[in-house]
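Report on the structure
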Amino acid sequence: MRSLKKMLVSSLTVGLVLSSGIVCQAQEKEKTFGDDATFLQKQTGAVVLKSADGQAQVAVAPKYQGRVMTSTSGGEKGRSYGWINYSLIESDKFVEHFNAFGGEDRFWMGPEGGQFALFFKKGVPYNMDNWQTPPIMDTEPYPVVSKTDSEIKFQKTGTVINRSGTAFDVQIDRTVSLLDNKKAGELLGVTIPKSVKQVAYESKNSVTNKGKEAWTKEKGLLSIWILGMFKHSPTTTIVIPFTKGAESELGPKVNDTYFGKVPAERLVVKDDVLFFKGDGKYRSKIGLSPKRARNIAGSYDSANKLLTLVQYDKPAGATDYVNSMWEDQKEPFSGDVVNSYNDGPTTTGKPLGPFYELETSSPAGALEPGKAMVHCHRTFHFEGPEADLEQIAKSVLGVGLNDIKTTLP
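Residues numbered from 1 in each chain as written. Predicted model: local features only at pLDDT ≥ 70, side-chain atom pairs only at ≥ 80, totals over all residues. Heavy atoms only, no water.

1. Some points on the overall build of the chain
Secondary structure summary: the chain contains 7 helices and 18 strands in total. Relative to the compact-globule value of 22 Å for 409 residues, the chain shows a C-alpha radius of gyration of 22 Å, a close match. Dimensions of the chain, computed from the C-alpha atoms along their principal axes, are close to 90 × 45 × 45 Å. Burial analysis of the chain (409 residues in total) assigns 55% to the buried set. For the chain, the accessible surface area stands at approximately 18,600 Å², while carbon and sulfur atoms represent 51% of it. Here the chain contributes 50 positively and 47 negatively charged side chains, and the mean placements of these two sets differ by 4 Å. (Helix = DSSP H or I, 4+ residues; strand = E, 2+ residues; numbered from the N terminus. Rg over C-alpha atoms; globule rule 2.2 N^0.38 Å. Buried < 20%, exposed > 50% of the residue type's maximum accessible area, 1.4 Å probe, protein only. Areas by Shrake-Rupley, 256 points an atom, 1.4 Å probe, with all protein chains shown as cover. Lys, Arg positive; Asp, Glu negative; His and termini not counted. Charge placed at Lys NZ, Arg CZ, Asp CG, Glu CD.)

This is the structure we're talking about:
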């Protein structure tokens, strides 16, 4: 009798809890790379690049400007590293302002804001309602020129017009290549422990002036801008080392006012490194100038023991970078080289994702007709024991994992 009574009470309790909505359904299992790749191949015709052993894989979508959508270091059953907007892709429709399909490496051109902006028409206020990504960077596919098991090449021609009315006829050449373990280690200057799984790839991006006139500062210049969307989490911290020195000589350590000043609990800036939250809960952006920026940035997700690094080619002595601040600018070529964006609610109350981004830019291109500028951007993911990831983080970022995990509240 006592057992029956306990069963009845238990059943009633469960029923009340379920009907009240207090207990949620079990969280959906995280998708593997194979899940994401199958979805992307079906919806977008994505191409998968693979290493010889099949462990390092990268999914690239010609339909979405040849962007790297996601990657893995563990084959089809491995963790999928890129943020992917399933609902938008499944809809097969375009939305206003910006189609946040996702992707770890997407091609854009700058500047975003200012009198030479590519994302704002002449005369309109700088706000989300008027912000519009040009189709050549958002909705137009990039034709495939050639591909192998580990590399794919694209070429696209078109025209972009800036806020001041200058038209730029461009040819975009983009190559995505897998990097083997040896090459990845050489580029970073480290030896990758055997216990650590890794995937590394490079996008080589070229923009050629196909017009009849030279591109000049007076009418505005373009830059190559590569952005990577990654999965946010409460345990993800973005880490960006920079050149140490007095502000009187090198300028501010960081620009943290893109969308209003970043709160102190979300950004900690030390002598030569900064820590920035990648939790997808607060819309904010930071940037580093050419005098401060080094050629590396990264992030660490402590829950998943995942270290992500981004490296790019930074030309020695280059000082002119387009300014993407959403305002009319006194110095339109004093922009940032490395940026990081943490998504969160916009003025609509909803985030774009959420996700976080690591971004790099080329110098502004003052190109004569027929001349080109090139920007190489590389992404590395390392997954494994923290003791071994520690070696990589300290060598490349200059800080250990404990500092990364504990500096921000």
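2. Some details on the side chain of Gln198
Position of Gln198 relative to the elements: it lies in strand S8 (residues 197–209). Classification of Gln198 by relative accessible area gives buried; the value is 6%. Polar contacts involving the side chain of Gln198 include one to the side chain of Asn181, which spans 2.8 Å. Beyond its immediate chain neighbours, meaning those up to four positions away, Gln198 contacts Ala56, Ser73, Asp180, Asn181, Ala184, Ile192, His381 and Phe382. (Polar contact = N/O pair within 3.5 Å; in protein donor to acceptor, adjacent residues only side chain to side chain. Contact = heavy atoms within 4.5 Å.)

3. As for the nonpolar core
Counting residues in hydrophobic clusters, the biggest one holds 52 residues, and the most contacted among them are Met109, Val207 and Leu222. Secondary structure elements with two or more residues in this core: strand S1 (47–50), strand S2 (57–61), strand S4 (106–110), strand S6 (151–161), strand S7 (167–179), S8 and strand S9 (223–230). Setting aside anything within four residues of it in sequence, one finds Leu222 in contact with Met109, Gly110, Leu118, Val160, Phe168, Val170, Trp215, Val322, Pro363, Ala364, Gly365 and Met373. One finds Leu188, Leu309, Ala393 and Leu401 within the second-largest nonpolar core, a separate group that totals 25 residues. (Core = buried A, V, L, I, M, F, W, Y, C linked by side-chain atoms within 4.5 Å.)

4. Re unusual backbone geometry
Along the chain, Gly110 connects to Pro111 via a cis peptide bond; the corresponding omega equals 10 degrees. By secondary structure assignment, the location of Pro111 is in the loop between S4 and strand S5 (144–147). Going from Gly353 to Pro354, the amide bond is cis rather than trans, its omega being 10 degrees. Within the fold, Pro354 resides in the loop between strand S16 (338–342) and strand S17 (356–361). Although it is not a glycine, His97 adopts a positive phi angle of roughly 80 degrees. Tracing the backbone through its elements, the reader meets His97 in the loop between helix H3 (86–91) and S4. Residue class for His97 comes out buried when judged on its relative accessible area of 16%. Located in the positive-phi region is Lys305, a residue other than glycine, with phi close to 50 degrees. Mapped onto the fold, Lys305 is located in the loop between strand S14 (296–301) and strand S15 (306–312). Using a relative accessible area of 37% as the deciding quantity, one classes Lys305 as partly exposed.

5. Regarding the pattern of salt bridges
Going through the model one piece at a time under the given rule, you end up with 18 salt bridges. Note that Arg79 is salt-bridged to Glu383, the shortest N-O span being 3.4 Å. In this pair, Arg79 is assigned in the loop between strand S3 (67–72) and H3 and Glu383 in strand S18 (residues 372–383), connecting sequence segments 304 residues apart. Judged by relative accessible area, which is 11%, Glu383 ranks as buried. Three or more residues are tied together by salt bridges with common partners; here these are Glu30, Arg79, Lys231 and Glu383. (Salt bridge = Lys/Arg side-chain N within 4 Å of Asp/Glu carboxyl O.)

6. Brief notes about the confidence of the model for the chain
Across the chain, pLDDT averages 93, with 93% of residues at or above 70. Overall, residues 1–27 carries pLDDT values under 50, and its contacts beyond four positions in sequence, including any with other chains, amount to 3 contacts. (pLDDT = per-residue confidence, 0-100.)

7. Remarks on the sheet that holds strand S12 (residues 273–277)
What the 10 strands build is an open sheet, ordered S5-S6-S7-S8-S18-S15-S14-S10-S12-S11; its pairing is antiparallel. Each edge of the open sheet carries a strand with a single partner, namely S5 and strand S11 (267–269). The sheet shows a mean angle of 15 degrees between the axes of neighbouring strands, direction not considered. Sheet topology places S6 next to S7; 11 bridges connect them, and they run antiparallel. Bridge assignment links Gln155 to a residue of S7, and that residue is Asp173. Along the sheet face, helix H4 (residues 181–188) touches S7, S8, S14, S15 and S18 and points at about 110 degrees away from the line of S18. Most of the contacts of helix H6 (residues 386–397) go to S15, to which it runs at about 25 degrees, and overall it touches strand S10 (236–241), S14, S15 and S18. (Pairing = 2+ DSSP bridges. Axes fitted to C-alpha atoms, helices over the stretch in contact; angles between N-to-C directions.)

8. Section: the sheet that holds S2
The 3 strands lie next to each other as S1-S2-S3, forming an open sheet whose pairing is antiparallel. The strands lining the two open edges of the sheet, one partner per strand, are S1 and S3. On average, each strand axis in the sheet is tilted by 25 degrees relative to the strand beside it, whichever way the strands run. Sheet contacts for helix H2 (residues 33–44): S1, S2 and S3; angle to S3, the most-contacted strand, approximately 155 degrees.

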